[in-house]
Amino acid sequence: MENKLTLYNTLHRKKELFIPIHSPHVGMYVCGPTVYGDAHLGHARPAITFDILFRYLQHLGYKVRYVRNITDVGHLENDADSGEDKIAKKARLDELEPMEVVQYYTNRYHKAMEALNVLPPSIEPHASGHIMEQIDFVQKILNAGFAYESEGSVYFDVEKYNKKYQYGKLSGRNIDDMLESTRDLDGQSEKRRSVDFALWKKAAPEHIMRWKAPWSEGFPGWHMECSAMGTKYLGEEFDIHGGGMDLMFPHHECEIAQSTAALGKETVKYWMHNNMITINGQKMGKSLGNFINLEEFFTGTHPLLTQPFSPMTVRFFILQAHYRSTVDFSSEALQASEKGLSRLMEGYARLQKLTPSATSSVETAGLRAKCEEAMLDDLNTPIVISHLFEALKAINLVSDGKETFSEVDLVELNDVFKLMVEEILGLVVETETSAGNEAYKKAIDLLLNMRLEAKKNKDWATSDKIRNELTALGFEIKDTKDGFEWRI
RNA sequence: GGUACUUUGGCCGAGUGGCUAGGCACCGGUCUGCAAAACCGCACACGGCGGUUCGAAUCCGCCAAGUACCUCCA
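Residues numbered from 1 in each chain as written. Chains lettered and ligands numbered in written order. Predicted model: local features only at pLDDT ≥ 70, side-chain atom pairs only at ≥ 80, totals over all residues. Heavy atoms only, no water.

A. Structural view of the protein's contact with RNA strand B. Neighbouring RNA strand B are 64 residues; His75, Lys86, Leu247, Lys283 and Asn396 lie closest to it. Of everything in RNA strand B that lies within 4 Å of the protein, sugar and phosphate atoms constitute 67%. Between RNA strand B and the protein, one listed contact pairs a base nitrogen with a backbone N or O atom of glycine 42 at 2.9 Å. Aspartate 328 is positioned such that a nitrogen or oxygen atom in its backbone is 2.9 Å from a phosphate oxygen of RNA strand B. A total of 8 residues in the surface near RNA strand B trace back to one element, the largest contributor, which is helix H13 (residues 381–399). Its residues assigned to classes, the surface near RNA strand B shows 20 nonpolar, 22 polar and 22 charged. (Near = heavy atom within 4 Å. Polar contact = N/O pair within 3.5 Å; in protein donor to acceptor, adjacent residues only side chain to side chain. Helix = DSSP H or I, 4+ residues; strand = E, 2+ residues; numbered from the N terminus. Nonpolar A, V, L, I, M, F, W, Y, C, P; charged D, E, K, R; others polar.)

B. Representation of the sheet that holds strand E10 (residues 238–244). One open sheet holds the 4 strands; their spatial order is E4-E3-E10-E11, and the pairing between them is parallel. Edge positions in the open sheet fall to strand E4 (63–68) and strand E11 (268–274), since each of these has one partner strand only. Each strand axis lies, on average, 20° off the axis of its neighbour in the sheet, ignoring direction. Sheet analysis places strand E3 (residues 25–30) next to E4, joined by 6 bridges and oriented parallel. Bridge pairing links valine 30 to arginine 68 in E4. Strands E10 and E11 of the sheet are contacted by helix H8 (residues 248–263), whose axis makes an angle of about 160° with E10. (Pairing = 2+ DSSP bridges. Axes fitted to C-alpha atoms, helices over the stretch in contact; angles between N-to-C directions. Contact = heavy atoms within 4.5 Å.)

By themselves these figures say nothing about function.
Structure below.
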């Protein structure tokens, strides 16, 4: 497969040419949500970022197996290896079975992703459904000598691992510094070192989520699931592992250590991380209490929002920034995106209705190559969008009858827009298509046709009455050369 | 304290050693019965101080401000 896709590899801090291990197959693993609460804007970012990558790799002709997990066990509340399981806590508070909590939020996550037009992954494994694989993985690490048992729990021996391999290579951390800065906190823990992390935890008597293992009845450590499920479905070596930047340490660092310890080799070739979303310059995070649910965006029911924003607006907003930049949220920025998106989508709709002329009077031939080039350069979606807007100027001029497109150019332009807008950026026109909706649309058309008649007869009073009252109801009426357009 | 990153016009947000990113807003114009939409034009941006260079916002150094990670978070 010939292409020049470059991706930024966090492991080496630079863009690298993407060469799959087993072309044309590509294996891609992305850390999914811990399902103990509603999805928020922060969840939308990796989902959309890696959705773009998934779509684009397929466009390039690769056969992609995309695995995105659901974390439903092992993710603890507090410092690495103590505190309550997040799911269990939510279940206790709501008086539900843990799996009820999991199912409820998984369903809601799917619904939100669908609204954002995020394609479902090829496989969506649950941590709780892969306990056996995780136990096996822990056993492998023990057998390799990089873990120890303590009071029924199993911990990863970071110091010993670091003597043979390098712990901290992904996040750029130095183990000696880490040991030094935390040494005085050590003492009564069952861990030998504070930097060690849990592979298996013995369950406390009141802990309801528990499974039998050789060491105790308990549950796997948080980092275990990704190592076990990633290698199960994608093999001991696979191409891409993605996730939010905040997962780089400790989660991904520990994953690397686990896999390398158990298998004796590097598992992931390209590590990719999307940046964070900020609110007023501050990271959106659970502990800060400043995160906004996706549903609140869609309904506009959050104090920071001045109005509802549609899923496509949110998607477009995220795509207008590069995935490795932080993007600062504000109602103002969202409004700008909303307007920009509707201009883009209206222009695209107009394009599909244009009629060809004998020749083209404006140049748009380079659009496809320019868009591809931007995508190949580490998925530069903002540049793709800027090229589309430039082409939009030509489209609008032709639509106004000021310029012309030849049939060849028109077909090409339609093709590129369909490819880039719909298939790669995944932007779709948001419309409801029920029968009642159709009838309602026809009724509006009828009214506007009556207005057209009135205009012909220079009956401005009637014409303005129709337009003004529709405007008052929230419609936007635009007169065109030979008719009208409207939207709500 | 350690590590990393960021700093671009009113707002958002790309980018390259010399060539207009783009969007939104504002203002002016074309069009229109009036408007809206569309189109055209407009602001002539790159944290500060030095250095490298024929030339730097883009490379290097120092400084300043901010953010993130080092605990859970996408």
